Amino acid sequence: MKYISFAIPCFNSQNYMSRAIDSLLTGKDEVEILIVNDGSRDQTSEIAHEYMENYPDIVRVIDKENGGHGDAVNAGLGAAQGKYFKVVDSDDWVDEEALKRILTLIRNLEEDGEQIDMLVSNFVYEKTGASHKKCVHYRNALPQDEIFRWDDIGHFRLDQYILMHSVIYRTDLLKLIQMKLPKHTFYVDNIYVYYPLPHVRKIYYLDIDFYRYFIGRDDQSVNEKNMIARADQQIYVTKTMIDMYEMGEISSRKLRLYMVNYLAIMMTVSSIILIRSKTEENIEKKRELWRYLKKRDFKMYLKIRYGILGQTMNIPGKSGRKISSLVYSVARRIIGFN
């Protein structure tokens, strides 16, 4: 049985994709690796097919026209045959011992006739040149060694929200809710991890450092210059998430609070990128984004706008924007992102 389908979206990934693939091959016959070649113009496809020839029972290749990261995830999900589904970016990798522990857990759940909707584990920022590797864990926020539900969760700190790096979803759940990410759009990983949440019933947290999130390439989407250049896409993703659910219809109070706080982070990221661009056009886009939230859901707007993040991002005037930018710079150094 294939317990986990790993989708690896690849675009011109010839120089680093092997590390991701090799780290997953240690799962052997209990995993399938779906290498999605998203219209690459280098040797990505040739490398992928070589892996498929060497590991025909584990590796499959999907060659497609370029549609962006989200469309590559869609293709991987559509082809997935494993019980659970995980996205691994081509410049990242996983810890091999942690993978064995995850497979043991899933195997034991299967033997007990149990299934979960979402498995959460830790991830590590593998930042080039950083002396300290930041690990994001959830041991203070999530129960351990048991299946739990949203009403059982605790408090999440600002630096430990569940991201694509830390989540494995049940494949049939994603297909049932018709998960489909936008084409040719960056930052859709936020949609991927956010949209399924109200449909998740059973959760398991494994306190292991599984995913290694590489940061250091100049062309990465999280590079600040790239984020500023793609600010309109960040705004689009944020608005899409705002429109996704009526918060009053989310039955679990704790899940509702978590989702509102996640949107607060999205508003903060969008705002600070627009602020740091230092153009009047983008400052106006920031104001428009907050007006959009206010018009869409006034109660949610009040919670986010007058929370600590919302207030920090909306200090008036040039001096206020400098303070907002300084707070962001400090947070970036502490947490270690982009």
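Described below are features of the structure shown in this document.

Conventions used here
Residues numbered from 1 in each chain as written. Predicted model: local features only at pLDDT ≥ 70, side-chain atom pairs only at ≥ 80, totals over all residues. Heavy atoms only, no water. Helix = DSSP H or I, 4+ residues; strand = E, 2+ residues; numbered from the N terminus. Buried < 20%, exposed > 50% of the residue type's maximum accessible area, 1.4 Å probe, protein only. Areas by Shrake-Rupley, 256 points an atom, 1.4 Å probe, with all protein chains shown as cover. Lys, Arg positive; Asp, Glu negative; His and termini not counted. Charge placed at Lys NZ, Arg CZ, Asp CG, Glu CD. Patch = residues over 30% accessible without salt bridge, like charges linked within 9 Å, V, L, I, M, F, W, Y side chains within 5 Å. Salt bridge = Lys/Arg side-chain N within 4 Å of Asp/Glu carboxyl O. Pairing = 2+ DSSP bridges. Phe/Tyr/Trp six-rings, centres within 6.5 Å; stacked < 30°, edge-to-face > 60°. Lys NZ or Arg CZ within 6 Å of the ring centre and 35° of its normal. Polar contact = N/O pair within 3.5 Å; in protein donor to acceptor, adjacent residues only side chain to side chain. Contact = heavy atoms within 4.5 Å.

Here we look at the overall build of the chain
Item 1. Looking only at helices and strands, the chain features 13 helices and 10 strands.
Item 2. Taken over the C-alpha atoms alone, the chain extends approximately 60 × 45 × 40 Å along its principal axes.
Item 3. The 338 residues of the chain split such that 56% are buried.
Item 4. If you sum the accessible surface of the chain, you get close to 15500 Å²; carbon and sulfur atoms cover 49% of it.
Item 5. Of the side-chain charges in the chain, 48 are positive and 46 negative, and the distance between the mean point of each set is 10 Å.

So, a nonpolar patch on the surface
Item 1. A cluster of nonpolar side chains, Phe298, Leu302 and Tyr306, forms an exposed patch at the surface whose accessible area comes to about 310 Å².
Item 2. Topologically, Phe298 is positioned in helix α11 (residues 298-305).

Structural notes on the pairing of strand β4 (residues 84-87)
Item 1. Burial along β4 is two-sided: Tyr84 and Lys86 facing one way and Phe85 and Val87 facing the other are all buried.
Item 2. Note: strand β1 (residues 4-10) against β4, 4 bridges, orientation parallel. Across the sheet, Ser5 pairs through a bridge with Phe85, a residue of β4.
Item 3. Here 2 bridges tie β4 to strand β9 (residues 167-170), and the two strands are oriented antiparallel to one another. Across the sheet, Phe85 pairs through a bridge with Tyr169, a residue of β9.

A short note on the packing of aromatic side chains
Item 1. Counting across every chain of the model gives 17 aromatic pairs.
Item 2. With 5.5 Å between their ring centres and 50 degrees between their planes, Tyr194 and Tyr262 make a pair best called tilted. Of this pair, Tyr194 sits in helix α6 (residues 189-194) while Tyr262 sits in helix α9 (residues 253-277), and the two are 68 residues apart along the sequence. In this structure, Tyr194 and Tyr262 share a single accessibility class: buried.
Item 3. The structure contains a cluster of three or more aromatic residues connected by ring pairs, namely Tyr138, Trp150, Phe156, Tyr161, Tyr194, Tyr205, Tyr258 and Tyr262.
Item 4. For the cation-ring pair, Arg19 lies above Phe214, with the distance from its terminal atom to the ring centre recorded as 5.8 Å.
Item 5. Between Arg305 and the ring centre of Tyr306, over which it is positioned, the NZ or CZ distance is 4.9 Å.

Thoughts on the side chain of Asn190
Item 1. For Asn190, the position within the fold is in helix α6.
Item 2. At a separation of 2.9 Å, a polar atom in the side chain of Asn190 contacts the side chain of Tyr262.
Item 3. Among all residues touching Asn190, those that are not within four sequence positions of it are Val237, Met241, Tyr262 and Met266.

Remarks on the pattern of salt bridges
Item 1. Following the criterion strictly, the structure yields 21 salt bridges and no others.
Item 2. A salt bridge links Asp38 to Lys64, with the shortest nitrogen-to-oxygen separation between them at 2.6 Å. Highlighted residues: Asp38 in strand β2 (residues 31-38) and Lys64 in strand β3 (residues 59-64), separated in sequence by 26 residues. Here Asp38 and Lys64 have matching classes, each one buried.
Item 3. Between Glu126 and Lys133 there is a salt bridge, with its nearest N and O atoms 2.9 Å apart.

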